[in-house]
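Topology and contacts: notes
The chain contents come next:
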Amino acid sequence: MEYFVLNFQKFMLVFARIVGLILTVPFFGSATISVRAKLGFTFFLTALLFPLSYKYIPPVPEDIIAYTLVGIIEGLIGVAIGFCIQVSFAAYQLAGQFFTVQMGFGASEVFDPMSQISIPLMGQFLYLSAILVFINLHGPLLIIKELYHSFELVNADVFLQGAVIDSKYGLIALFSDMFLIAFRIALPIVGALLCVSVTMGLLAKAAPQMNLLLIGFPISITVGFLILIVILPGMILLFGDYIDEVFMNVWRLMRELSGG
């Protein structure tokens, strides 16, 4: 305990970075977890990582204003790491948005307690599936591992250079990959539902007396679910590969920021 008391200022810098990450990263940042539990876990994680990351922490400024600015930057570093990982999980919600309307679930949105927003029903299904894959891949431990590497590779001076945005592994690249992955996930279902819509249009021309409005929605929902069941094993593998790639890109981003 005396060790932490004597190094309290550095301890709080580590705490600021970790609390920034915990509040934004998937799973840990869920609104279903109370703030008290998050702060308690953050304090425990800080006490665990502080002896390991102590040698990477720069000297503490003597000026209180400079120290406060460094603490804010440390918190922003944690927020940036958590946001990079959070952006990747938005791909699954976006994929569900692509084909929810075509399936007939356009008016059925559900409230996601993790992100505090209303998302399409199929987007919620894909998001929860990705969370299960994330947990199966020991994602929370990977987050802690990335956090430790961030102390080794990224400090306040490096972060202020702004390369976290325009790097080839930065936020712009993450947004591009998010749209690409969402399109790859949704493409089979969107293509099948497009064929259904074209078929319904041809039937409407060939047999105007048929009430396609009543039979079109059940057919679209059935075809959508059948395609989803068929591609689900491959989709789960894609989820796992994408999660691994995201963590590798975050690590490469930190290596690039450190000049390594």
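Please read all numbers here as calculations on a predicted model, not as lab measurements.

Under the counting rule described, the total for this entry stands at one salt bridge. Measuring nitrogen to oxygen at the nearest pair gives 2.7 Å for the salt bridge that ties Arg17 to Glu74. Of this pair, Arg17 sits in helix 2 (residues 8-22) while Glu74 sits in helix 4 (residues 64-103), and the two are 57 residues apart along the sequence.

Contact pair helix 4 / helix 5 (residues 121-136): the axes reach a minimum separation of 7 Å and the direction vectors enclose 145°. Every pair of crossing elements has a handedness; the one defined by helix 4 and helix 5 is right-handed. Residues Gln86, Phe89, Tyr92, Gln93, Ala95, Gly96, Phe99, Thr100 and Met103 of helix 4 form the contact with helix 5, whose own contacting residues are Met122, Gly123, Leu126, Tyr127, Ala130, Ile131 and Phe134. Broken down by class, the residue content of the contact of helix 4 with helix 5 amounts to eleven nonpolar, five polar and no charged.

To continue, consider the packing of aromatic side chains. Per the stated rule, a full pass over the model turns up eleven aromatic pairs. Centre to centre, the rings of Phe50 and Tyr54 are 5.6 Å apart; their planes meet at 75°, and the pair counts as edge-to-face. Residue Phe50 is classed as buried on the basis of its relative accessible area of 0%. Between Tyr92 and Tyr242 the ring centres are 6.2 Å apart and the planes differ by 80°, which places this aromatic pair in the edge-to-face class. Here Tyr92, found in helix 4, pairs with Tyr242, found in helix 10 (residues 212-258); they are 150 residues apart in sequence, far enough to count as distant. Residues Tyr92 and Tyr242 agree in their burial class; the two are buried.

About the criteria used
- Residues numbered from 1 in each chain as written.
- Predicted model: local features only at pLDDT ≥ 70, side-chain atom pairs only at ≥ 80, totals over all residues.
- Heavy atoms only, no water.
- Salt bridge = Lys/Arg side-chain N within 4 Å of Asp/Glu carboxyl O.
- Helix = DSSP H or I, 4+ residues; strand = E, 2+ residues; numbered from the N terminus.
- Axes fitted to C-alpha atoms, helices over the stretch in contact; angles between N-to-C directions.
- Left-handed = near helix turned anticlockwise from the far one by under 90°.
- Contact = heavy atoms within 4.5 Å.
- Nonpolar A, V, L, I, M, F, W, Y, C, P; charged D, E, K, R; others polar.
- Phe/Tyr/Trp six-rings, centres within 6.5 Å; stacked < 30°, edge-to-face > 60°.
- Buried < 20%, exposed > 50% of the residue type's maximum accessible area, 1.4 Å probe, protein only.

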